[in-house]
Amino acid sequence: MEKWSLMTITVLLALTVRWAVSLGSYSGAGKPPMYGDYEAQRHWQEITYNLPIRQWYFNTSDNNLLYWGLDYPPLTAYHSFVCAYIAKLINPDWVALHSSRGYESQPHKLFMRTTVFVADLLVYIPAVILYCFSLKETSAKKKASTCALCILLYPGLILIDHGHFQYPLSLGLALWAVLCLSHDWDLLGSVAFCLALNYKQMELYHSLPFFCYLLGKCFKKGLKGKGLVLLTKLAGTVLLSFAACWLPFGTDVEQIMQVLRRLFPIDRGLFEACMFSSPHPLPCPDKVANIWCSLSVLIKIKNVISPRTQLKVSFAVTFLSLLPACIKLTVQPSLRGFKFALVTCALSFFLFSFQVHEKSILLVSVPVCLLINEIPFMATWFLLVSTFSLLPLLLKDELLLAYAVTTPAFLAVCLASFSILEKTSAEDLQLKAFSLSLKGYVSWFKSFPRIVRSLFLLSLSLMGVLSVLSAAVPPPPSLPDLFPVAVSVVSCAHFLSFLVYFNIVILWDSKNRGQKKMS
């Protein structure tokens, strides 16, 4: 009973923080003509409720795709329809066709915020709680609640979901999939991940680790016996899950092709993930902390490489960067390796793939949250950097106060819960095998903990200074995007270092942990 009492307090605290953040501004508030993501979600409710399914993804006189046209998979559309049905019962003006465009009021804001709360309570938060209770190391009563508290107080997700405005459903469903696989419920895990992928196509960031882990499991069981049976069941489960999600569109090939064109608009080019997110011409429209936007500060990639070539280069670099982790996971499938692979593959996609949005860093951050009990120092550091990388977006949404409160609070909770500054040895960082392989070649490894702590404090200082400058100091007129670009470049440098680190942990891990439930 005591552990559930502690967990209840944890959840109440997490909900209180979410409620406080939701009282502030949201994406595009009072900023016509496009407004922002809040209006996009409301508009999808308007479209899905008032138009027949066959028109949801097509440009018509009633559905102008240039005004926040649906560009997510069917489950997002179905969810919008459910929300719209409830909205219609409360106030039909909220989803009235055409006349509701740009609708803003306090009652409607309360309704929209509530829908995010409900999604959090029904999908994401229960998955986090069950995950923390399932951890092997959480035999102590307080351990599960402290781990859950750190995950649920991760500021990046709170600020985007309950501030900027976004639903946590795809990440929550992906977390349920991880939870199912950890208990060997492979078919249920496959269903959960298919639902996540059919809610947001960005879940492709996590698809290869799921595929490689389950395929490796089939290989391990033997493809002439139980492994073949499992592989057949998994294939059938995936096909049935996709068929159920796409059933209303499956009767017409043109419908399917139009949805796919909306989901993957490759003709926009490398940087056109969200062309309405910035009012100024920039080196990168979204100021995303990935390699392409950082390189664009020096080389105008858009001017020297055609969109098709950009796609090919992006695909090749992304594929090569995630290949080592995927091969290791297929050959040696383990839950520990699976969780680390979720991080490295998602981070590779974020850094190198095509049409990346700044919010996509959350697809890396949530898997990192799952490792906070294993590598608390590096996980905390990454989660702080990922929140910092969102700063230009948060400032645009007037979420500075929420950012300034939740980020230090998260750091304080991690310091108190895990004593992270004391967990910087090679063994604590899962680098013991790597350090042994370097023994005799690198003399400074003895001072490694001190060096890592110094780099961490330097990183915090740099992020703090850039945060203050971004919020309080006007940029030079000749460089209006100086601070947002600096935030992106600094964050990108961090993420590249983290990618190397996580790959080292995976590739040098020789321990057989495949039989552990959760590590």
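Every value quoted in this text rests on a predicted model; they were computed, and no experiment measured them.

Here the focus is the overall build of the protein chain. For the protein chain, the helix and strand inventory stands at 22 helices and zero strands. Here the C-alpha atoms of the protein chain give a radius of gyration of 23 Å, agreeing with the 24 Å that 2.2 N^0.38 yields for 519 residues. Here the protein chain, with 519 residues, has 56% of them falling under the buried criterion. Within the protein chain, residue pairs in contact and separated by at least 24 positions form 78% of the contacts whose partners lie at least 6 positions apart. As displayed, the protein chain offers around 22,300 Å² of accessible surface, 69% of which is attributable to carbon and sulfur atoms. Charged side chains of the protein chain number 43 positive and 28 negative; the gap between the two group centres comes to 10 Å.

Inspection of every chain in the model, using the stated rule, returns three cavities of 30 Å³ or more. By volume, the largest cavity amounts to about 70 Å³. Taken together, L171, A174, L175, V178, H206, F210, L342, V366, P367 and L370 form the lining of the largest cavity. Elements supplying a minimum of two residues to the lining of the largest cavity: α7 (169–182) and α16 (362–369).

Take the pattern of salt bridges next. Scanning the model with the defined rule gives ten salt bridges in all. For the salt bridge of R42 with E39, the shortest nitrogen-to-oxygen distance reads 2.9 Å. Separated by three residues within a single helix, R42 and E39 lie in helix α2 (residues 37–50), roughly one turn from each other. We note that R42, like E39, is buried. Between R42 and E46 there is a salt bridge, and its shortest N-O distance comes to 2.8 Å. Here R42 pairs with E46, and both are found in helix α2, just four residues apart, close to one helical turn. What makes R42 buried here is its relative accessible area of 0%. Linked through salt bridges whose partners overlap, the residues forming this network are R336, K339, E374 and D509.

Here we come to α7. The terminal C-alpha atoms of α7 lie 20 Å apart, and with 14 residues this matches the ideal 20 Å at 1.5 Å per residue to within 8%. By the criterion of burial, α7 is predominantly enclosed, with 13 of the 14 residues buried. A positive phi of about 65 degrees marks D184, the residue just after α7.

Another point: the layout of surface pockets. There is about 530 Å³ of room inside the second largest pocket. Lining the second largest pocket are 21 residues, and of these M378, W381, V452, L455 and S497 sit closest to its centre. Those elements that place two or more of their residues in the lining of the second largest pocket are α17 (376–389), α21 (448–472) and α22 (482–507). Here the residues of the lining of the second largest pocket are counted per class, giving 18 nonpolar, three polar and no charged.

Let's shift gears to the packing of helix α4 (residues 106–134) against helix α6 (residues 155–165). α6 packs onto α4 with a crossing angle of 150 degrees between their chain directions and a minimal axis gap of 9 Å. If you check the angle between α4 and α6, you find them roughly antiparallel. For the pair α4 and α6, contact is made by M112, R113, T115, V116, F117, D120 and Y124 and by L157, D161, H162, G163 and F165, respectively. Its residues assigned to classes, the contact of α4 with α6 comprises six nonpolar, three polar and three charged.

With that out of the way, let us pick up the confidence of the model for the protein chain. Here the protein chain averages 89 in pLDDT, while 91% of its residues score no lower than 70. Here residues 512–519 scores under 50 on pLDDT; set against residues more than four positions off or in separate chains, the count is 25 contacts.

So, about the packing of aromatic side chains. Using the criterion set out here, one finds 27 aromatic pairs in the structure. Here the aromatic rings of Y205 and F349 are separated by 5.2 Å at their centres, their planes lie at 15 degrees, and the arrangement is stacked. Of this pair, Y205 sits in the loop between α8 (186–197) and α9 (207–221) while F349 sits in helix α15 (residues 335–352), placing them 144 residues apart in sequence. This pair shows no difference in class: Y205 is buried, exactly as F349 is. Through successive ring pairs, a cluster of aromatic residues spans F340, F350, F377, W381, F382, F456, F495, F498, Y501 and F502. For the cation-ring pair, R101 lies above Y67, with the distance from its terminal atom to the ring centre recorded as 3.7 Å. Over the ring of Y72 we find K200, and its NZ or CZ is 5.3 Å from the ring centre.

To continue, consider the packing of α7 against α15. In the contact formed by α7 and α15, the axes pass within 11 Å of each other and the chain directions differ by 165 degrees. By the angle between their axes, α7 is roughly antiparallel relative to α15. Here α7 and α15 pass one another in a crossing that is right-handed. Along its contact with α7, which presents V178, L181 and S182, the element α15 presents L335, F338 and L342. Counted by class, the contact of α7 with α15 contains five nonpolar, one polar and no charged residues.

Our next topic: the side chain of N503. Mapping N503 onto the fold places it in helix α22. Residue N503 is classed as buried on the basis of its relative accessible area, which comes to 11%. Beyond its immediate chain neighbours, meaning those up to four positions away, N503 contacts S321, A325 and T344.

Another point: α8. For α8, with twelve residues, the first-to-last C-alpha span of 16 Å sits near the 16 Å given by 1.5 Å per residue. For α8, the set of buried residues is D186, G189, S190, A192, F193, C194, A196 and L197. Where α8 is buried, its residues contact α7, α9 and α10 (226–246).

Parameters and conventions
Residues numbered from 1 in each chain as written. Predicted model: local features only at pLDDT ≥ 70, side-chain atom pairs only at ≥ 80, totals over all residues. Heavy atoms only, no water. Helix = DSSP H or I, 4+ residues; strand = E, 2+ residues; numbered from the N terminus. Rg over C-alpha atoms; globule rule 2.2 N^0.38 Å. Buried < 20%, exposed > 50% of the residue type's maximum accessible area, 1.4 Å probe, protein only. Contact = heavy atoms within 4.5 Å. Areas by Shrake-Rupley, 256 points an atom, 1.4 Å probe, with all protein chains shown as cover. Lys, Arg positive; Asp, Glu negative; His and termini not counted. Charge placed at Lys NZ, Arg CZ, Asp CG, Glu CD. 1 Å grid on protein atoms, 1.4 Å probe; cavity = no way out; pocket = protein on both sides within 12 Å on 5 of 7 lines; lining within 4 Å. Points joined across faces, edges and corners; volume = space filled by probe spheres on them. Salt bridge = Lys/Arg side-chain N within 4 Å of Asp/Glu carboxyl O. Expected span 1.5 Å × (residues − 1). Nonpolar A, V, L, I, M, F, W, Y, C, P; charged D, E, K, R; others polar. Axes fitted to C-alpha atoms, helices over the stretch in contact; angles between N-to-C directions. Parallel < 35°, antiparallel > 145°, perpendicular 65-115°, else oblique. pLDDT = per-residue confidence, 0-100. Phe/Tyr/Trp six-rings, centres within 6.5 Å; stacked < 30°, edge-to-face > 60°. Lys NZ or Arg CZ within 6 Å of the ring centre and 35° of its normal. Left-handed = near helix turned anticlockwise from the far one by under 90°.

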